Amino acid sequence: MKKITIPENELPKYSRRTWIAMIQLALFSGIGYAGWRWLRKQPLDGGLLGGIPAPLRKGLETNEDLFTRYYDQGRLVKEYPKSKAATDVRINGKIGQDNSFVSEDSWSLSVQKANGDFLEIKLPEIKRLTKTEVIFNFKCIEGWSQISWWGGVRMSEFLKAFSLEKESMFKYIGMSTPDTEYTVGIDMLSALHPQTILAYEMNGQPLVLEHGAPLRLIIPVKYGYKSLKQIGSIYFSNGKPADYWAVRGYDYYAGL
Amino acid sequence: MHWINFPLLTIMIWSGVLIYWANDVYELRIGDVVILNFFPDWMYDLFNIPYKLSKGMAYHFVFMWLFMLNGLIYIIYTVLSGEWRYLLPQRKSFAESWQVIRYDLGLIKQLPPQSKYNAAQRIAYSMIIFMSMGSMLTGLAIYKPVQFQWLTNLCGGYEAARAEHFFLTIGYVLFFFVHLFQVIRAGWNNFRAMVTGYEIETSNEDSK
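Parameters and conventions
Sequence order as written defines residue numbering, which begins from 1 separately in each chain. Think of it this way: whatever chain is written first is A, whatever ligand is written first is 1, and the rest follow in order. Selection of residues for local features in this predicted model requires a pLDDT of at least 70, selection of side-chain atom pairs for listing and counting requires 80 or more, and totals for whole chains, interfaces and linings are taken over all residues. In DSSP terms, a helix is any run of H or I states spanning at least four residues, a strand is any run of E spanning at least two, and both are numbered starting from the N terminus. Only C-alpha atoms enter the radius of gyration; for comparison, a globular chain is expected to reach 2.2 Å times N to the power 0.38, where N is the number of residues. Here the C-beta atoms are placed from the backbone, and a residue counts as buried if at least 20 other C-beta atoms lie within 10 Å of its own, exposed if 12 or fewer do, and partly exposed otherwise. For every residue pair, C-beta atoms are placed from the backbone, and the pair is scored as a contact if these atoms sit within 7 Å. A pair of strands counts as paired when DSSP detects no fewer than two bridges linking them. Fitting a line to C-alpha atoms yields each axis, with helices limited to the stretch in contact; the angle taken between N-to-C directions then spans 0 to 180 degrees. Take the buried Ala, Val, Leu, Ile, Met, Phe, Trp, Tyr and Cys residues, join any whose C-beta atoms are within 7 Å, and the set you get is a nonpolar core. Boundaries between domains were set according to an automatic or database domain assignment. Any residue that is not Ala, Val, Leu, Ile, Met, Phe, Trp, Tyr, Cys, Pro, Asp, Glu, Lys or Arg is counted as polar, Gly included; the first ten are nonpolar and the last four charged. Expected helix span is computed as 1.5 Å times (number of residues minus one). Directions are taken from the helix axis to each C-beta atom, and the arc is the one they span. Geometric relationships in this document are graded by angle, where less than 35 degrees denotes roughly parallel, more than 145 denotes roughly antiparallel, 65 to 115 denotes roughly perpendicular, and other angles denote oblique. The crossing is said to be left-handed when, going from far helix to near helix, the turn is anticlockwise and less than a right angle, and right-handed when the turn is clockwise.

1. Thoughts on the overall build of chain A
Alright, step 1. A tally of helices and strands in chain A yields five helices and 13 strands.
Alright, step 2. Whereas a compact globule of 256 residues would reach a radius of gyration of roughly 18 Å, chain A reaches 26 Å, over 25% beyond that.
Alright, step 3. Taken over the C-alpha atoms alone, chain A extends approximately 95 × 45 × 35 Å along its principal axes.
Alright, step 4. The proportion of buried residues among the 256 residues of chain A is 34%.
Alright, step 5. The contacts in chain A between residues at least 6 apart in sequence include a share of 66% that link residues at least 24 apart.

2. Some words on the sheet that holds strand E9 (residues 183-187) of chain A
Sheets are built from strands that pair by backbone hydrogen bonding, the pairs being arranged parallel or antiparallel.
Residue and element names in this part refer to chain A.
Alright, step 1. Spatially, five strands are ordered E5-E4-E13-E8-E9 in an open sheet, and the strand pairing comes out mixed. Strands with a single pairing partner mark the edges of an open sheet, and in this sheet they are strand E5 (118-121) and E9. Adjacent strand axes in the sheet meet at a mean angle of 20°, parallel and antiparallel pairs treated alike.
Alright, step 2. Both strand E4 (residues 109-112) and E5 contribute to a ladder of four bridges, which runs antiparallel. Bridge pairing in E5 places Leu109 opposite Ile121.

3. Looking at the nonpolar core
Alright, step 1. Within the largest apolar cluster, 47 residues are counted, with the highest numbers of intra-cluster contacts made by Ile197(A) and Leu198(A).
Alright, step 2. In this structure, Leu9(B), Ile19(B), Tyr59(B) and Phe166(B) belong to the second largest nonpolar core, which totals 18 residues.

4. Concerning unusual backbone geometry
Alright, step 1. Geometrically, the link from Ala213(A) to Pro214(A) is a cis peptide bond, its omega value of 5° lying close to zero.
Alright, step 2. Omega for the bond connecting Phe38(B) with Phe39(B) falls within 30 degrees of zero, at -10°, which places this linkage in the cis form.
Alright, step 3. In this fold, Phe39(B) is placed in the loop between strand E2 (33-37) and helix H2 (41-46).
Alright, step 4. In the Ramachandran plot, Thr180(A) falls in the positive-phi region, its phi being about 60° despite a non-glycine side chain.
Alright, step 5. Take Thr180(A): it is sitting in the loop between strand E8 (172-176) and E9.
Alright, step 6. By C-beta crowding, Thr180(A) is classed as exposed, having 11 other C-beta atoms within 10 Å.
Alright, step 7. Unusually for a residue other than glycine, Asn203(A) sits at a positive phi of about 50°.
Alright, step 8. Structurally, Asn203(A) can be placed in the loop between strand E10 (197-202) and strand E11 (205-206).
Alright, step 9. By the C-beta count within 10 Å, which is 16 here, Asn203(A) ends up partly exposed.

5. Concerning the domain arrangement of chain B
Residues and elements named next belong to chain B.
Alright, step 1. Examined at the domain level, chain B breaks down into domain 1 (1-66) and domain 2 (82-198).
Alright, step 2. Listed per partner, the contact involves six residues of domain 1 and five residues of domain 2.
Alright, step 3. If one sorts the elements of the side of domain 1 that touches domain 2 by residue count, helix H1 (residues 2-21) sits on top with four residues.
Alright, step 4. Among the residues forming the side of domain 1 that touches domain 2, the class breakdown is five nonpolar, one polar and no charged.

6. Looking at the pairing of E4(A)
Alright, step 1. Burial along E4(A) is one-sided: Leu109(A) and Val111(A) are buried, while Ser110(A) and Gln112(A), pointing the other way, are not.
Alright, step 2. Following E4(A), the chain reverses through five residues before pairing antiparallel with E5(A); Gly116(A) in that reversal takes a positive phi of roughly 95°.

7. Concerning the pairing of E10(A)
Residue and element names in this part refer to chain A.
Alright, step 1. Burial runs high along E10: five of the six residues are buried.
Alright, step 2. Pairing geometry for strand E7 (residues 145-154) and E10, over five bridges, is antiparallel. Bridged to Trp150 within E10 is Met202.
Alright, step 3. In the sheet, E10 pairs with E11 via two bridges, with the strands oriented antiparallel. When the sheet's bridge partners are listed, Glu201 is paired in E11 with Pro206.
Alright, step 4. In textbook terms, the turn of a hairpin is the stretch between consecutive antiparallel strands, and for E10 and E11 this stretch comprises two residues, one of which, Asn203, has a positive phi near 50°.

8. What to know about helix H2 (residues 54-70) of chain A
Alright, step 1. With 17 residues, H2(A) extends 25 Å from end C-alpha to end C-alpha; this agrees with the ideal 24 Å at 1.5 Å per step.
Alright, step 2. Along H2(A), the residues that are buried comprise Leu56(A), Arg57(A) and Leu60(A). Down the axis of H2(A), the buried side of the element spans an arc of 105°, and every buried residue falls inside it. The exposed set on the far side of H2(A), more than 90 degrees from its buried face, consists of Lys58(A), Asp65(A), Leu66(A) and Arg69(A).
Alright, step 3. Each element contacted by the buried residues of H2(A) is listed here: strand E2 (44-45) and strand E3 (52-53) of chain A together with helix H3 (53-81) of chain B.

9. Overview of the domain arrangement of chain A
Alright, step 1. The assigned domain composition of chain A is domain 1 (8-41) and domain 2 (44-248).
Alright, step 2. Distance from the C-alpha centre of domain 1 of chain A to the C-alpha centre of domain 2 of chain A: 52 Å.

10. Focus: H1(B)
In an α-helix, one turn spans 3.6 residues, which is why side chains three or four residues apart end up on the same side.
Alright, step 1. With 20 residues, H1(B) ought to run about 28 Å at 1.5 Å a step, and its terminal C-alpha atoms sit 29 Å apart, in line with that.
Alright, step 2. Next to the buried residues of H1(B) lie H3 and helix H8 (158-186) of chain B.

11. Some thoughts on the packing of helix H5 (residues 93-104) of chain B against helix H6 (residues 119-143) of chain B
All names here are of chain B.
Alright, step 1. Between H5 and H6, the shortest axis-to-axis distance is 7 Å and the interhelical angle comes to 110°. Classified by the angle their axes make, H5 and H6 are roughly perpendicular. In contact with Ser93, Glu96, Ser97, Val100 and Ile101 of H5, H6 contributes Ala119, Ala120, Arg122 and Ile123.
Alright, step 2. Tallied by class, the residues present in the contact of H5 with H6 amount to five nonpolar, two polar and two charged.

12. Considering the packing of H2(A) against H3(B)
Alright, step 1. For the pair H2(A) and H3(B), the least separation of the axes is 9 Å and the interaxial angle reads 65°. With respect to the hand of their crossing, H2(A) and H3(B) are arranged in left-handed fashion. Residues Leu56(A), Gly59(A), Leu60(A) and Asn63(A) of H2(A) touch H3(B), and the partners they reach there are Ala58(B), Tyr59(B), Phe61(B) and Val62(B).
Alright, step 2. Of the residues in the contact of H2(A) with H3(B), the class split is six nonpolar, two polar and no charged.

Written out as structure tokens, the structure is:
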């Protein structure tokens, strides 16, 4: 900063300069405030829970593009020894898990193929595939995290085993609970991540209902709200599939 | 750049608290005695915080770019203009800052000689820049803990990074109050200098 020494008689000149600077500050404050007002008055996106201003949704989508570009399939989520896994695994939601699920025998996973046909897959057919275990720090968007231990089949392996190679060329996988209430959409790259599994075990035991029996998604490269419990159906699309939390103002990508 | 920081940081802190609310686990305690709980319910209610996690994230992850950009421009400007010479602490600053604090508390009458900023200011203003870099890095460590796992590990893990990010923010708020108090105390001429960029002294023609 300059320190200027001026004679008394030039003070008015500097007083004028000071005024100009002050007015500039006020002007910029005004512009900033107007911008803020504008943002606050924009139509809301995802209005089911109050929603977020539409320009911010655009911002989140820009972040998504950026971080999708930076994403690397080789970056694995840190794994822990089984002894570190929580025994009291947190249950944080029951949405979409109504009582329509009776037993493993009555349940089947419905997969819609690219040609419109449906595959109905029973649990034993999935359990027959190579089991993969993941013990990782499960991260909830609320801000908590917990080390938990899951067992199931890699999504990539599942797709291969049921000859869904063509389907895995789509941009997204969509999933929903049997009652279709809870839905998630996942970009194919993250779905094919080596630690993304269709889980049927937790802590070495068969899944219980509260944790998404008989089959749930575990996707460690995303926040927990993408790890859908009790999968009823799977489909593939190039547009973004329906997503329960995205229409409630949350980020669609949710990549970690 | 300085003035842009104020609204931006306000938005970042506000949206950050919206996010933090969803899992508000931090508190200061000695033994079993909780001294400070972050945050009490009356504070959430006062600022209309509860149940706005998604909104908080949307604002936080858009305005973070502006905050970073502003910081970057500031650093580039400070380096290129040579202003860093007035800003970075000198070897003597650490000892002198103690005298400045004693002066501020009214314990001594004479400030050590200084240029644009005194020793305590040099330390405080430099520290705040490093704190904002810390916020950026710990923020990224929580935001993308898989893609930037090395950074998350550097922060001591995911949970640790979240706590560091939080307490850096508490640091800003404390800084802000001291800063505001000092500006008010320094008076009009100083405030004018903060806006115009120059400080005025009057003198008679012949005293030059």
